[in-house]
Amino acid sequence: LPANGFTAPAGKQFKAWSVGGVEKAVGDKITVTANTTVTAVWEDIPVVTYTVSGTATSFGSDTDNVILQLIAEGYSEADYEVFVQGNSANYSIAGVAPGTYTMKVMKNNHVTREYTVTVGSSNVVQDVKIHLKGDIDGNGTVTTMDYMRVNSHAKGITLLTDYALKCAD
């Protein structure tokens, strides 16, 4: 039997030839003594998935949930979501398909943070950290130093950007 030369249906790959209801491999020899129908047998292409895991660091209450979401590039709804508790909690999201995702990390009284996570051909470790509202330096408390940095930004002396600016807002 020859190699398959047909175009596979979407999401399928060639599995074998069917001869009289019996699956045969490419290269198998068959004897044809009458009209014989040989049919291509298709199977689903297996989807290989990976795990995204790491440590989620937060502050304040150690009983409030930390919510971690993976949102596929170009979409707004979460494809994967996990909840963990504790100020240093290990998380694991299994079954993640290859692609680029925005990881959104949220917790009560914290500033939401986003990370870009690219899942290729192996598991991904992504440690994340979110700050309390007002905690610009991320040390776990809102201090006079944080207020001074906000004041300095408001006066145009120094410039807060990115996540530090969100924490100050």
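Before reading further, recall that the structure is shown in the block above.
Overview of the structure. (Residues numbered from 1 in each chain as written. Predicted model: local features only at pLDDT ≥ 70, side-chain atom pairs only at ≥ 80, totals over all residues. Heavy atoms only, no water.)

### Focus: the packing of aromatic side chains
Here is step 1 of the chain: All chains considered together, the criterion is met by four aromatic pairs.
Here is step 2 of the chain: Ring geometry for Phe-14 against Trp-42: centres 6.0 Å apart, planes inclined by 80°, an arrangement best described as edge-to-face. Of this pair, Phe-14 sits in strand E1 (residues 12–19) while Trp-42 sits in strand E3 (residues 38–44), and the two are 28 residues apart along the sequence.
Here is step 3 of the chain: Taking the relative accessible area as the measure of exposure, Phe-14 reaches 23% and is therefore partly exposed.
Here is step 4 of the chain: Judged by relative accessible area, Trp-42 falls into the partly exposed class, the value being 26%.
Here is step 5 of the chain: Between Arg-113 and the ring centre of Tyr-163, over which it is positioned, the NZ or CZ distance is 3.9 Å. (Phe/Tyr/Trp six-rings, centres within 6.5 Å; stacked < 30°, edge-to-face > 60°. Helix = DSSP H or I, 4+ residues; strand = E, 2+ residues; numbered from the N terminus. Buried < 20%, exposed > 50% of the residue type's maximum accessible area, 1.4 Å probe, protein only. Lys NZ or Arg CZ within 6 Å of the ring centre and 35° of its normal.)

### Details of the sheet that holds strand E5 (residues 65–72)
Here is step 1 of the chain: The four strands lie next to each other as E6-E5-E8-E9, forming an open sheet whose pairing is antiparallel. Edge strands, defined here as strands with exactly one partner in the open sheet, are strand E6 (80–85) and strand E9 (113–119). Each strand of the sheet is rotated relative to its neighbour by a mean of 25°, with strand direction disregarded.
Here is step 2 of the chain: Examined bridge by bridge, E5 and strand E8 (residues 99–107) share seven bridges and lie antiparallel to one another. Looking at E8, one finds that Gln-69 is bridged to Lys-104. (Pairing = 2+ DSSP bridges. Axes fitted to C-alpha atoms, helices over the stretch in contact; angles between N-to-C directions.)

### Quick notes on unusual backbone geometry
Here is step 1 of the chain: Here Asn-109, not a glycine, exhibits a phi torsion of approximately 65°, which is positive.
Here is step 2 of the chain: Inspection of the secondary structure puts Asn-109 in the loop between E8 and E9.
Here is step 3 of the chain: Phi is positive for Asp-162, which is not a glycine, with a value near 50°.
Here is step 4 of the chain: Examined against the element boundaries, Asp-162 turns out to sit in helix H2 (residues 162–168).
Here is step 5 of the chain: For Asp-162, a relative accessible area of 63% corresponds to the exposed category.

### Re the pattern of salt bridges
Here is step 1 of the chain: Tallying each qualifying case throughout the model produces two salt bridges.
Here is step 2 of the chain: Residue Asp-44 pairs with Lys-12 through a salt bridge whose shortest N-O separation is 2.7 Å. Separated by 32 residues along the polypeptide, Asp-44 in strand E3 and Lys-12 in strand E1 bring together distant segments of the chain.
Here is step 3 of the chain: What makes Lys-12 partly exposed here is its relative accessible area of 29%.
Here is step 4 of the chain: For the salt bridge of Lys-15 with Glu-23, the shortest nitrogen-to-oxygen distance reads 3.5 Å.
Here is step 5 of the chain: The exposure class assigned to Lys-15 is partly exposed, which follows from its relative accessible area of 42%.
Here is step 6 of the chain: Its relative accessible area of 45% is what places Glu-23 among the partly exposed residues. (Salt bridge = Lys/Arg side-chain N within 4 Å of Asp/Glu carboxyl O.)

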